[in-house]
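Per-entry structural report
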Amino acid sequence: MIAADHSAYSYLTAYQTLVTSLPGRDLPWLQQLRGEALQAFAERGFPGVGEEDWRYTALSVLNKTVFAPVTAQQVDLDWLNSYRLDDAACAVLVNGRFSSALSVLNGWDGVTVSALSELLADNPAVVETMLGQAVTSCEHNLVAFNNAWFADGVVVRVVANAQIDKPLQILHVVTDAQALAVTRNLFVVNDHADIEIIETYIGINEAYFTAAINEVLLGCNADLTLSKVQLEGGKAQHFGGTYVRQAPDSRFAHHNFALGGLLARSDIHSDLAQASECTLNGLFVASGRQHLDNHTRINHAKPHGISREFYKGVLDQRARGVFQGRVIVAEHAQHTDSEMNNRNLLLSSDAEVDTKPQLEIYADDVKCSHGVTVGQLEDKSVFYLQSRGVDEATARNILTFAFANEMVDKVENAELKSLLLKELLVRFPAMSL
Amino acid sequence: MTKRMLSIKNLHVSINDKAILKGLTLDINPGEVHAVMGPNGAGKSTLSHVLSGKPGYTVTEGSVSYNGKDLLDMDPEIRAREGVFLAFQYPVEIPGVSNIYLLKAALNAMRKHKGLPEVDAMDFLTLVKGKVKLLQMDEKFLYRAVNEGFSGGEKKRNEILQAAVLEPNLCILDETDSGLDIDALRIVAEGVNSLRSPERSFLMITHYQRLLDYIKPDVVHVLADGRIVKSGGPALALELEEKGYGWLEGQAA
């Protein structure tokens, strides 16, 4: 019986002492939300492969290890700074706690960035209007876990009509073995406003667990470009969910780069309103025994929505990739225009990808397409490069790099693009472009 | 006696145990242009593939010496770095890799092989742009993905552009005339002719005499059933055009 799961029980036991350190203890509405979440977690523990949305991803490490919050002793600043974007404001979370000392957030108009823990103390009514608006514990039990355990996060509020030129980077850093970092970010982009946010996840090469959720509320004709660069340490467990509610005519573009971690799962879910646009791009690159799972859901609830989804996977050695892409077109969502594409490259005979596009269309006047491919590098392409003097290993790297680079090319932020190119070149060494 | 550039002796090659080349012998001296003609299925493309090191072919007998070295012993990229260039009959499309990237990677691989430093970025651009002009190509081609969406003529011109940049010693043209209209054929032929030099040799593999109107060979060979069955001067090609290949098939060299 899952309810008796050893690890869920251990987490619940640890929660009794942990709870005093969590923010918002005096807020009845939050206590109720946390209480319900805890109840759901107590009943079923972490999601299991018996659940359809989790059938390819077993959370066995989470079920065997009890990760716990750790206060960071020290942060390697050179390492941290090497992931900072120069042309961006930067909010830093260390082991899941906001660090004002490491963050650079001054001199910014039209946008307010706050630590969730501070906002819960200073102005909880604001948080109450946002928290739980885009996702609830009913989604699955990692959301419930996050609801019960979140310790901090970043709240971004963009005032109506503001065009924010400077992007915001949210840098998640884990510095200690066995650490548990549970964060909740809330992004509210009000009507006609426009902002770019970049999430970067880094951590030491030890086992730890990041469970980060973003709730995103986009106003009418608002525009958010959100990029996720997941470069967790090689032994890390990572769950990152982004849940979006789009108002009419809003535009949401997401770039999901899953490169790190031992086991990492991303949820990217968006609910569209009338004439909203949603673009989901993704690249997962795994080797060794990495397991990278990407779960997307685009819900066309109203007419005239547009969605474009393109994910690519590169799997080497014994790595496993998962792409689940679900598009729902409701009965009244006429004139929906939706495309989904997932292309995968297997570099070894032991690598595996599970890809599952799901289209659920209840309207009759829509344009929806999807396509999936799984393949290997073509021998004729490798030979063509060899015939021009390039050795076989480099030829394979060039071709793999080119395959992956198509997704990097879709990123407009030049600084972010060059950071990603660097990461790809480390994995597939070849002459840089 | 001049030093041979390429010396193929009694070459036997099979694919999946099926014999394709059955004792082919051919010598090429520096600066010479040789045409190998023959009917479909004679083994023309097999010859070009086996010389460039394409996997899937088994040499069961014979030898190929290139500038005194055993060519068959070299990996494909080493052959390329040693100056053997194959212009493909069907150039491969490589999405995501720009032409200029491939040219630079290839040129630097050659230079490294020769113990030379990487090419200077400005020098490289000047060199490549000069060659682009020579082949009457648009500079935009440099920044497009290798052969992706190119027309047949553009692909063949692109092959010759690569040869022009890499300056090989032995240039193998595999059915370079196939799929070209007359204007494209002329431009490609002019490109090839501009590469002719006393040190550079060509092995042209073609089904038709048409190409030889534009690129004058020194020697013409007829390949039939895996062997060279007849060799001669340029006049042989005209004779073939008139009589076809039937009268030569089954004949020993």
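Since the model is a prediction, treat every value here as computed from it, not as a measurement.

Here the focus is the domain arrangement of chain A. Residue and element names in this part refer to chain A. Parsing chain A into structural domains produces domain 1 (69-377) and domain 2 (378-433). Relative to domain 2, the C-alpha centre of domain 1 lies at a distance of 25 Å. The interface of domain 1 with domain 2 comprises 29 residues on the first partner and 21 residues on the second. In total, about 2200 Å² of surface goes out of reach between domain 1 and domain 2, with carbon and sulfur atoms giving 71% of it. By the criterion of area lost to domain 2, the three top residues of domain 1 are Phe257, Lys312 and Leu377, representing 29% of everything that side buries. Between domain 1 and domain 2 we count 2 salt bridges in total. A salt bridge links Glu406 to Arg343; the nearest nitrogen and oxygen atoms lie 3.9 Å apart. Mapped by element, the contributors of at least two residues to the side of domain 1 that touches domain 2 are β7 (194-203), β9 (223-231), β11 (251-258), β13 (277-286), β15 (306-315) and β17 (337-346). Class assignment for the residues of the side of domain 1 that touches domain 2 results in 15 nonpolar, 8 polar and 6 charged.

Across the contact, 19 residues belong to chain A and 32 residues belong to chain B. Roughly 2000 Å² of surface becomes buried between chain A and chain B when both sides are summed, with 71% attributable to carbon and sulfur atoms. Broken down residue by residue, the surface that chain A buries against chain B is led by Phe383, Tyr384 and Arg388 of chain A, which jointly contribute 39%. With its nearest N and O atoms 2.7 Å apart, the salt bridge here joins Glu159 of chain B to Arg388 of chain A. Where chain A meets chain B, there are 8 residue pairs in polar contact (both at pLDDT 80 or more). Among the secondary structure elements, those contributing two or more residues to the side of chain A that touches chain B are α8 (379-386) and α9 (392-408) of chain A. With 6 residues, the single largest contributor to the side of chain A that touches chain B is α8 of chain A.

What follows covers the nonpolar core. Judged by nonpolar contacts, the single largest core of 76 residues is most densely connected at Leu6, Ile8, Leu24, Leu47 and Leu51 of chain B. Counting residues per element, this core draws most heavily on α9 of chain A, at 9 residues. The residues contacting Leu47 of chain B, other than those within four sequence positions of it, are Ile8, Leu21, Leu24, Val36, Leu203 and Ile205 of chain B.

Residue and element names in this part refer to chain A. All chains considered together, the criterion is met by 18 aromatic pairs over all chains. With a centroid separation of 5.2 Å and 50° between ring planes, the pair formed by Phe46 and Phe145 is classed as tilted. Placement of Phe46 in the loop between α2 (28-44) and α3 (60-64) and of Phe145 in helix α7 (residues 141-149) is noted, with a sequence separation of 99 residues between them. For the pair formed by Phe46 and Phe145, the shared burial category is buried. Linked through ring pairs, Tyr11, Tyr15, Phe41, Phe46, Phe67, Phe145, Trp149 and Phe209 together constitute an aromatic cluster. Positioned above the aromatic ring of Phe403, the side-chain terminus of Lys312 is 4.0 Å from the ring centre. Lying over the aromatic face of Tyr384, Arg388 brings its terminal NZ or CZ to 4.9 Å of the ring centre.

Looking now at the sheet that holds strand β2 (residues 18-28) of chain B. Residue and element names in this part refer to chain B. Reading across the sheet, the 4 strands line up as β2-β1-β4-β5 and stay open at both edges, with antiparallel pairing between neighbours. Unpaired on one side and paired on the other, β2 and β5 (69-70) mark the two borders of the sheet. Relative to strand β4 (residues 58-66), strand β1 (residues 6-15) runs antiparallel, the two being bridged by 7 bridges. Bridging across to β4, His12 finds its partner in Glu61.

Conventions adopted
Residues numbered from 1 in each chain as written. Chains lettered and ligands numbered in written order. Predicted model: local features only at pLDDT ≥ 70, side-chain atom pairs only at ≥ 80, totals over all residues. Heavy atoms only, no water. Domains from an automatic or database assignment. Contact = heavy atoms within 4.5 Å. Buried area = accessible area lost by both parts, 1.4 Å probe. Salt bridge = Lys/Arg side-chain N within 4 Å of Asp/Glu carboxyl O. Helix = DSSP H or I, 4+ residues; strand = E, 2+ residues; numbered from the N terminus. Nonpolar A, V, L, I, M, F, W, Y, C, P; charged D, E, K, R; others polar. Polar contact = N/O pair within 3.5 Å; in protein donor to acceptor, adjacent residues only side chain to side chain. Core = buried A, V, L, I, M, F, W, Y, C linked by side-chain atoms within 4.5 Å. Buried < 20%, exposed > 50% of the residue type's maximum accessible area, 1.4 Å probe, protein only. Phe/Tyr/Trp six-rings, centres within 6.5 Å; stacked < 30°, edge-to-face > 60°. Lys NZ or Arg CZ within 6 Å of the ring centre and 35° of its normal. Pairing = 2+ DSSP bridges.

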